Amino acid sequence: MLINLQRIFFISAAADAALFALLCLLKRARLPKALQTAADVLRYACIQVFLSLAFFAVYVLYVKNGSAARPADIGVAMLPFSVAVYFAAWRFSALSPKRYSLLYPLAYSLFLLFRFFAFSTDGGIKFFGYVLLNPVYGFIGSSLLNGKLKYLAAVSALLPFVTAAVGYGLGTKGIDKRGKV
C-alpha cells in the first residue's frame, strides 16, 4: 500500500482551512469573552498548523524531486513566509488587533524554550520530541547541539514569537489621512 503524501497534505490543508474559516465566521457572532479567547487561540493554532503543513509540503517536494534539502535551510526560508502569513492574519482581522493577541505566540515560544532546555539540549530522541512541537524552525541550529554553542540553538524556540511579532507590527500599522504609513 503506497502512501500518497501530497494527498494527505492537501486533505490536511483543506481541513485546516475549513476550520479556520469557521472560526473566522464565528468571530462576527457575539460570544462571551472566554469563548472569544478560545476562538482566538484556535485561530492561532490553525495558522501554526498551516505553517507546519507548508513546511512539510516543501520538504516532501524537495525529496520527491531528488534533492537533498536540509530541513534547517527550509526553516530559514520559511521565515519571510511566516511573517507574510501573520501579516495577512492581522491585516485582514483574522486575529484580534489588540496587543494581547501576541500573548499566544509568546506563550507558545516560552513553552518551546522550556521544552528545549528541559529535554533536548543533548540531542538524540529527546530533540526529536522538540522538533515535533516546532517543526518549522526546530531544525535551525540543530548542528550546534553537540558543541559549545548548543544554547544558541534555542533561538529556534523564539522564532514563532518573532515572526508573529513582526507580522503583527506590519499588519496593524495604519495609514493616516495624508497617506503616510
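Given the structure is predicted, the values throughout are model-derived calculations rather than measurements.

Caption draft 1: Structural view of the overall build of the protein. Each helix and strand in the protein was counted, giving 6 helices and 0 strands. Moving toward the C terminus, one meets the helices and strands of the protein in the order α-α-α-α-α-α. Taking the principal axes of its C-alpha atoms as reference, the protein extends roughly 50 × 45 × 35 Å. Split into buried and exposed, the 181 residues of the protein put 35% on the buried side. Taking the contacts inside the protein whose residues are at least 6 apart along the sequence as the reference set, 68% of them involve residues at least 24 apart. When the accessible surface of the protein is summed, it comes to about 11,100 Å², and 70% of that surface belongs to carbon and sulfur atoms. Of the side chains in the protein, 19 bear a positive and 5 a negative charge, and the two mean positions are spaced by 7 Å.

Caption draft 2: Representation of the packing of aromatic side chains within the structure. Using the criterion set out here, one finds 8 aromatic pairs in the structure. Look at Y44 and Y86: their rings are 6.2 Å apart centre to centre, the planes differ by 20°, and that puts the pair in the stacked class. Placement of Y44 in helix α2 (residues 33-64) and of Y86 in helix α3 (residues 71-91) is noted, with a sequence separation of 42 residues between them. For the pair formed by Y44 and Y86, the shared burial category is buried. Considering the side-chain rings of F50 and F81, the 6.1 Å spacing of their centres and the 40° angle between planes classify their relative orientation as tilted. Placement of the pair is F50 in helix α2 and F81 in helix α3, with a sequence separation of 31 residues. Here the aromatic residues Y44, Y86, W90, Y108 and Y168 are joined through ring pairs into a cluster of three or more.

Caption draft 3: Here's a closer look at the packing of α3 against helix α6 (residues 155-171). One can describe the packing of α3 onto α6 by two numbers: an axis separation of 7 Å at closest approach and a directional angle of 45°. By the criterion of interaxial angle, the relationship of α3 to α6 is oblique. By crossing handedness, the relation of α3 to α6 is classed as right-handed. Here L79, S82, V83, Y86, F87, W90 and R91 of α3 lie close against α6, whose contacting residues are L159, P160, T163, A164, V166, G167, Y168, L170 and G171.

Caption draft 4: Fine view of the side chain of S82. Its location among the elements puts S82 in helix α3. Among the residues examined, S82 registers a relative accessible area of 0% and is labelled buried. Look past the residues within four positions of S82 in its chain and what remains in contact with it is L51, Y137 and T163.

Caption draft 5: Representation of the nonpolar core in the model. With 32 residues, the main nonpolar core has I47, Y86, W90, F116 and Y130 as its most contacted residues. Among the elements of the structure, α2, α3, α4 (103-119), α5 (125-133) and α6 are those that each provide at least two residues to this core. Here this core takes 6 residues from α3, the largest share from any one element. Setting aside residues up to four positions removed in sequence, I47 forms contacts with F20, V85, Y86, A89 and L95.

Caption draft 6: The arrangement of α6 in detail. Between its first and last C-alpha, α6 extends 24 Å over 17 residues, near the 24 Å set by a 1.5 Å rise per residue. Remark: the principal bend of α6, roughly 25°, maps to F161. For α6, the full list of buried residues reads S156, A157, L159, P160, T163, A164, G167, Y168 and G171.

Caption draft 7: Expanded view of a nonpolar patch on the surface. Together, F87, L158, V162, V166 and L170 give the surface a local cluster of nonpolar side chains, amounting to about 380 Å² of exposed area. Along the polypeptide, V162 turns up in helix α6.

Calculation rules
- Numbering of residues starts from 1 in each chain and follows the order in which that chain's sequence is written.
- Totals for whole chains, interfaces and linings use every residue, but because this is a predicted model, local features are given only for residues with pLDDT of at least 70 and side-chain atom pairs only at 80 or more, for both listing and counting.
- Each side-chain value is worked out from all heavy atoms of the structure, with water and hydrogens disregarded.
- Secondary structure follows DSSP: runs of H or I at least 4 residues long count as helices, runs of E at least 2 residues long count as strands, and numbering of each begins at the N terminus.
- Throughout, exposure labels follow a simple rule: accessible area from a 1.4 Å probe, protein chains only, divided by the maximum for the residue type, with under 20% read as buried, over 50% as exposed, and the rest as partly exposed.
- Contacts were defined at the residue level, with two residues in contact if any of their heavy atoms lie within 4.5 Å.
- Reported accessibility uses the Shrake-Rupley method at a 1.4 Å probe radius. Residues are deemed covered only where the shown protein chains occlude them.
- All tallies of charge rest on Lys and Arg as positive and Asp and Glu as negative; His and the ends of each chain are not included.
- Throughout, a charge is located at the NZ atom of Lys, the CZ atom of Arg, the CG atom of Asp or the CD atom of Glu.
- Paired rings are identified among Phe, Tyr and Trp, the last through its six-membered ring, by centres lying within 6.5 Å, and are further divided according to the angle between planes into stacked (under 30 degrees), edge-to-face (over 60) and tilted (the rest).
- Working convention: axes come from line fits to C-alpha atoms, limited for helices to the stretch in contact. Angles between N-to-C directions cover 0 to 180 degrees.
- Geometric relationships in this document are graded by angle, where less than 35 degrees denotes roughly parallel, more than 145 denotes roughly antiparallel, 65 to 115 denotes roughly perpendicular, and other angles denote oblique.
- Throughout, a crossing is termed right-handed when the near helix is turned clockwise from the far one, and left-handed when it is turned anticlockwise from it by less than a right angle.
- Remark: nonpolar core denotes a set of buried residues (Ala, Val, Leu, Ile, Met, Phe, Trp, Tyr, Cys) joined through side-chain atoms within 4.5 Å.
- Multiplying one less than the number of residues by 1.5 Å gives the expected span of a helix.
- To get the bend at any residue, fit one axis to the seven residues that end at it and another to the seven that begin at it, then take the angle between the two axes.
- Each patch groups residues whose relative accessible area exceeds 30% and which form no salt bridge, using 9 Å between like charges and 5 Å between nonpolar side chains of Val, Leu, Ile, Met, Phe, Trp and Tyr.
- Any Lys or Arg side-chain nitrogen found within 4 Å of a carboxyl oxygen on Asp or Glu counts as a salt bridge.

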